[in-house]
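# Remarks on the overall topology
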Amino acid sequence: MSQVSKLNLKKLLIGLTVVVIIAGLITYRYVQNQQQDNVLTIGISPPYAELLQTVAKEVEKDGIHVKLVEFSDWQAPNVAVQNGDIDANFFQQSVFLKNAVQQTHYDLHAFGIGSGSHVGLYSKQYKSLDALPKNARVVIPSDPVNSARALILLHRAGLIQIKDIHNELSTLQDIVANPKQLKFLEVEGPQTALAYDDADLIFGFPHYLNMAKKADPHSALFLDPVDKKYAILFVTRKDYVDHDKKLETFVKAFQNSAKVKTILDRDFGTGMWFEGWK
């Protein structure tokens, strides 16, 4: 074979190799995209892991594969949805979402509604609110929305007065009367349960009290009324496209699952949670 023929053959083989590699890359990307399209990814807080994993198993029969991503804080899940890293998140209620959108200008909205829970005032030391001494130490959440929710509850309980009980972002500066001269300590929401042993009074979430094994959620000295705006939401970007109605199917399964109700009764306490979609 001449040198020219060998050279042409070599070029042909290199060309074919390049074509095969490109075709392989295209096929790989296509398969990857198809696999991603077939997976519904939801960001959650740890207390909701078992709850949503139960729903994930239930929708497998519909050909829907769900990946749950746990976040330890209350900011990262919205960042992940906004950036398109996950399809949706499930950890926040409408007041929290509204405040987050105002603060960040993220393009997020409520896709569906889940369950909500009561919150309450708890004390290891005292059996009634009247027994609280002057200068009692009261632990409340540090984030603006749940801090305000705690102040509203304390107002309803008659321990303080705030300027406007309808202000969903009331702060400590809005307290206009504090007859017991309560001392407030702000901590991250999930940490309020851990303060149960040391504080005189805490604003508590039933599921965090159960997780920390600190107190029976039913032992609250004062509970808030049912308020649907505090139901936990399935949140997506406004431009989210729900391919094959995967998320819609998941939300409906959550709302109608007997297993979900059993877990909520166990983790929050019977009568301590409500159906936000009804």
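Residues numbered from 1 in each chain as written. Predicted model: local features only at pLDDT ≥ 70, side-chain atom pairs only at ≥ 80, totals over all residues. Heavy atoms only, no water.

Under an unreviewed UniProt entry, the name given to the chain is MetQ/NlpA family ABC transporter substrate-binding protein, and the source organism is Acinetobacter sp. A1-4-2. If you open the UniProt record of the chain and go to Sequence similarities (unreviewed entry), you find "Belongs to the NlpA lipoprotein family." (UniProt positions renumbered as here; feature names shortened; annotations may be inferred.)

This next bit is on the overall build of the chain. Each helix and strand counted, the chain has eight helices and 14 strands in total. Among the 278 residues that make up the chain, the fraction classed as buried is 44%. Here the analysis covers contacts within the chain between residues at least 6 apart in sequence; of these, 75% occur between residues at least 24 apart. Looking at the chain as shown, the accessible area adds up to about 14,600 Å², and 54% of this sits on carbon and sulfur atoms. (Helix = DSSP H or I, 4+ residues; strand = E, 2+ residues; numbered from the N terminus. Buried < 20%, exposed > 50% of the residue type's maximum accessible area, 1.4 Å probe, protein only. Contact = heavy atoms within 4.5 Å. Areas by Shrake-Rupley, 256 points an atom, 1.4 Å probe, with all protein chains shown as cover.)

Here we take up the packing of aromatic side chains. For the coordinates displayed, the defined rule picks out twelve aromatic pairs. Taking 5.2 Å as the distance between ring centres and 80 degrees as the angle between the ring planes, the aromatic pair formed by Tyr48 and Phe90 counts as edge-to-face. Within this pair, whereas Tyr48 is found in the loop between strand 1 (39-44) and helix 2 (49-59), its partner Phe90 is found in strand 3 (residues 88-93), the two being separated by 42 residues in sequence. The same class applies to Tyr48 as to Phe90, namely buried. When the ring of Phe203 is compared with that of Phe205, the centres are 5.3 Å apart and the planes differ by 90 degrees; the resulting orientation is edge-to-face. (Phe/Tyr/Trp six-rings, centres within 6.5 Å; stacked < 30°, edge-to-face > 60°.)

All told, the structure shown has 15 salt bridges when counted by the stated rule. For Glu275, the salt bridge is made with Lys261, and the minimal N-O distance between the two is 3.6 Å. Taken together, the positions of Glu275 in strand 14 (residues 273-275) and Lys261 in helix 8 (residues 258-268) put the pair 14 residues apart, joining distant regions of the chain. When salt bridges with common partners are traced through the structure, they connect Lys98, Glu168, Asp227 and Lys229 into a single cluster. (Salt bridge = Lys/Arg side-chain N within 4 Å of Asp/Glu carboxyl O.)

To continue, consider the sheet that holds strand 1. Sheet architecture is open: five strands sit in the order 2-1-3-13-4, paired in mixed fashion. Each edge of the open sheet is held by one strand with a lone partner, namely strand 2 (65-70) and strand 4 (108-113). Shown here is a sheet whose adjacent strand axes are inclined to one another by a mean of 35 degrees, direction ignored. Direction of pairing for strand 4 relative to strand 13 (residues 232-237): antiparallel, over a ladder of five bridges. Bridge pairing in strand 13 places Gly112 opposite Phe234. (Pairing = 2+ DSSP bridges. Axes fitted to C-alpha atoms, helices over the stretch in contact; angles between N-to-C directions.)

Glycine aside, residues mostly have negative phi angles, and peptide bonds mostly take the trans form. Phi is positive for Asp244, which is not a glycine, with a value near 60 degrees. Note on placement: Asp244 falls in the loop between strand 13 and helix 7 (246-256). When its relative accessible area of 68% is taken as the criterion, Asp244 is described as exposed. Its identity is not glycine, yet Lys245 carries a phi of approximately 55 degrees, on the positive side. Secondary-structure assignment places Lys245 in the loop between strand 13 and helix 7.

The next subject is the side chain of Thr236. Structurally, Thr236 is set in strand 13. Setting aside chain neighbours within four positions, we find Thr236 in contact with Val81, Asp87, Ala88, Asp107, Leu108, His109, Phe111 and Leu247.

A few words on empty space enclosed by the protein. The final tally for this structure, using the stated rule, is one cavity of 30 Å³ or more. Taken as a whole, the largest cavity holds about 260 Å³ of empty space. Residue lining of the largest cavity: 21 residues in total, with Tyr48, Phe91, Phe205, His207 and Ile232 positioned closest to the centre. When contributions to the lining of the largest cavity are tallied by element, the ones reaching two or more residues are strand 3, strand 5 (115-117), helix 5 (144-156), helix 6 (206-211) and helix 8. Classifying every residue of the lining of the largest cavity gives twelve nonpolar, eight polar and one charged. (1 Å grid on protein atoms, 1.4 Å probe; cavity = no way out; pocket = protein on both sides within 12 Å on 5 of 7 lines; lining within 4 Å. Points joined across faces, edges and corners; volume = space filled by probe spheres on them. Nonpolar A, V, L, I, M, F, W, Y, C, P; charged D, E, K, R; others polar.)

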